[in-house]
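# Descriptive structure summary
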Amino acid sequence: NAVTVSKLVEKFAVSIETVRRDLLEMERQGLLTRVHGGAVAKTGMSGFSVLSQRNSEHGEQKKALSLKACEFINDGEIIAVDAGSTATFFAEALKEKFTKLTVITHSLDVFNILNSYKDFSVILCGGHFIREENTFYGSLTINMFSSLYAQKAFIFTSAVSLEHGICDFRQEFYDIQKVLLGCADEIFILADSSKFEKKALLKLTDMKNDYIYITDSDLPNELKE
């Protein structure tokens, strides 16, 4: 896959200098090769697409792993829920399985799915809004998350690698996920099998034994082991 600097500037609404600096760092990490006017991804680099496109990809896998994740939740618990395409499948699974939960989220999609449903209490952490991702981010969102406690946090990442750890693409998501890692007693990493053994620009954390990783049945056996 190849991309031009001008396309990245337009897509993410950042400066040319920011794009060039990020591409230089990604090349240093071995994730891509810079070429004149853009860059080419190296094998194993996960691609990032907008939410509307991701919502239509790997739907069965996202539904399956979301239902599996529900097995780790008890009615009445307080949970923190990340944003992203898997988040909408997860929210629908919560409606199917539970009657009473407190859900803390920065995803407007999750809020809209769960708000006013049965005995759910939904806390939306607002701030600056990313329209194409339908989610909030920034210091206001982070401050609100930091002042709340959850028994369990469910994080949806772009890439999971045994060697390179848990990664994401956008700084806005990365900053929120960093807070989620510290706001709950138990951490659950949810990613469909297509995201395993891939790389992304921003490393969130190494894979840790005390995290619980939930994926679909398409994950190769050697990776499970």
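Above this text sits the structure in question.
A quick note: this is a predicted structure, and the numbers were derived from the prediction, not measured.

## Digging into the overall build of the chain
From N to C terminus, the chain includes nine helices and 14 strands. Across the 225 residues of the chain, 47% fall into the buried class. By sequence separation, contacts in the chain at least 24 residues apart represent 65% of the contacts at least 6 residues apart. Total accessible area computed for the chain in this model is approximately 11200 Å², and 49% of it derives from carbon and sulfur atoms.

## Side note on the packing of helix H1 (residues 5–12) against helix H2 (residues 16–28)
Helix-helix packing is characterised by the crossing angle of the two axes and by the distance between the axes. Relative orientation of the contacting elements H1 and H2 amounts to 115°, with a least axis distance of 9 Å. Between H1 and H2, the interaxial angle falls into the category roughly perpendicular. Classified by chirality, the crossing of H2 by H1 is right-handed. Contacts from Val5, Leu8 and Val9 of H1 reach H2 at Ile16, Val19 and Leu23. For the contact of H1 with H2, the per-class residue count stands at six nonpolar, no polar and no charged.

## Digging into the pairing of strand E5 (residues 102–105)
When strand E4 (residues 78–81) meets E5, the two strands line up parallel, connected through four bridges. Looking across to E5, one finds that Ile79 is bridged to Val103. Running through helix H5 (residues 85–97), the crossover from E4 to the neighbouring parallel element E5 is right-handed. Relative to strand E6 (residues 121–124), E5 runs parallel, the two being bridged by four bridges. The residue of E6 that forms the bridge with Ile104 is Ile123. Note on the crossover from E5 through helix H6 (residues 108–114) to E6: the handedness is right-handed.

## Some details on the nonpolar core
The biggest cluster of nonpolar side chains holds 32 residues, and the ones touching the most others in it are Leu23, Ala80, Phe145, Leu180, Ile187 and Ile189. At the level of secondary structure, the elements contributing two or more residues to this core comprise H1, H2, strand E9 (150–156), helix H8 (171–182), strand E12 (184–190) and strand E13 (202–205). Top element by residues in this core is H8. It accounts for five residues. With 26 residues, the next largest nonpolar core counts Ala69, Ile73, Phe90 and Ala91 among its residues.

## Side note on the sheet that holds strand E10 (residues 159–161)
Across the sheet, three strands lie side by side as E10-E11-E13; this open sheet has antiparallel pairing. Of all strands in the sheet, those with a lone pairing partner are E10 and E13, marking the two edges. Taking each pair of neighbouring strands and ignoring which way they run, the sheet shows an average axis angle of 35°. Sitting on the sheet, H8 touches strand E11 (165–168) and E13, and the angle it makes with E13 is about 10°.

## Quick word on the environment of Thr99
When you line up the elements, Thr99 lands in the loop between H5 and E5. Residues Thr99 and Lys118, spaced 19 residues apart in sequence, show a C-alpha to C-alpha distance of 5.8 Å. Thr99 has contacts with Asp75, Lys118, Asp119 and Phe120, leaving out every residue within four places of it along the chain. Here Asp75 takes part through its side chain, which lies 2.8 Å from a polar atom of the side chain of Thr99.

## What about the sheet that holds strand E14 (residues 212–214)?
In spatial order, the strands read E6-E5-E4-E9-E12-E14; together these six strands make up an open sheet with parallel pairing. On the outer flanks of this sheet lie E6 and E14, each paired with one strand and no other. Between one strand axis and the next, the sheet turns by 20° as a mean value, whatever way the strands run. In the sheet, E9 pairs with E12 via six bridges, with the strands oriented parallel.

## Points about the environment of Ser85
In this fold, Ser85 is placed in helix H5. Taking C-alpha positions, Ser85 is 8.5 Å from Phe156, a pair spaced 71 residues apart along the chain. Reaching out from Ser85, the side chain makes a polar contact with the side chain of Lys62 at a distance of 2.8 Å.

Rules used in this analysis
- Residues numbered from 1 in each chain as written.
- Predicted model: local features only at pLDDT ≥ 70, side-chain atom pairs only at ≥ 80, totals over all residues.
- Heavy atoms only, no water.
- Helix = DSSP H or I, 4+ residues; strand = E, 2+ residues; numbered from the N terminus.
- Buried < 20%, exposed > 50% of the residue type's maximum accessible area, 1.4 Å probe, protein only.
- Contact = heavy atoms within 4.5 Å.
- Areas by Shrake-Rupley, 256 points an atom, 1.4 Å probe, with all protein chains shown as cover.
- Axes fitted to C-alpha atoms, helices over the stretch in contact; angles between N-to-C directions.
- Parallel < 35°, antiparallel > 145°, perpendicular 65-115°, else oblique.
- Left-handed = near helix turned anticlockwise from the far one by under 90°.
- Nonpolar A, V, L, I, M, F, W, Y, C, P; charged D, E, K, R; others polar.
- Pairing = 2+ DSSP bridges.
- Right-handed = clockwise from strand over helix to strand, strands pointing away.
- Core = buried A, V, L, I, M, F, W, Y, C linked by side-chain atoms within 4.5 Å.
- Polar contact = N/O pair within 3.5 Å; in protein donor to acceptor, adjacent residues only side chain to side chain.

Geometric descriptors of this kind do not, in isolation, establish any biological role.
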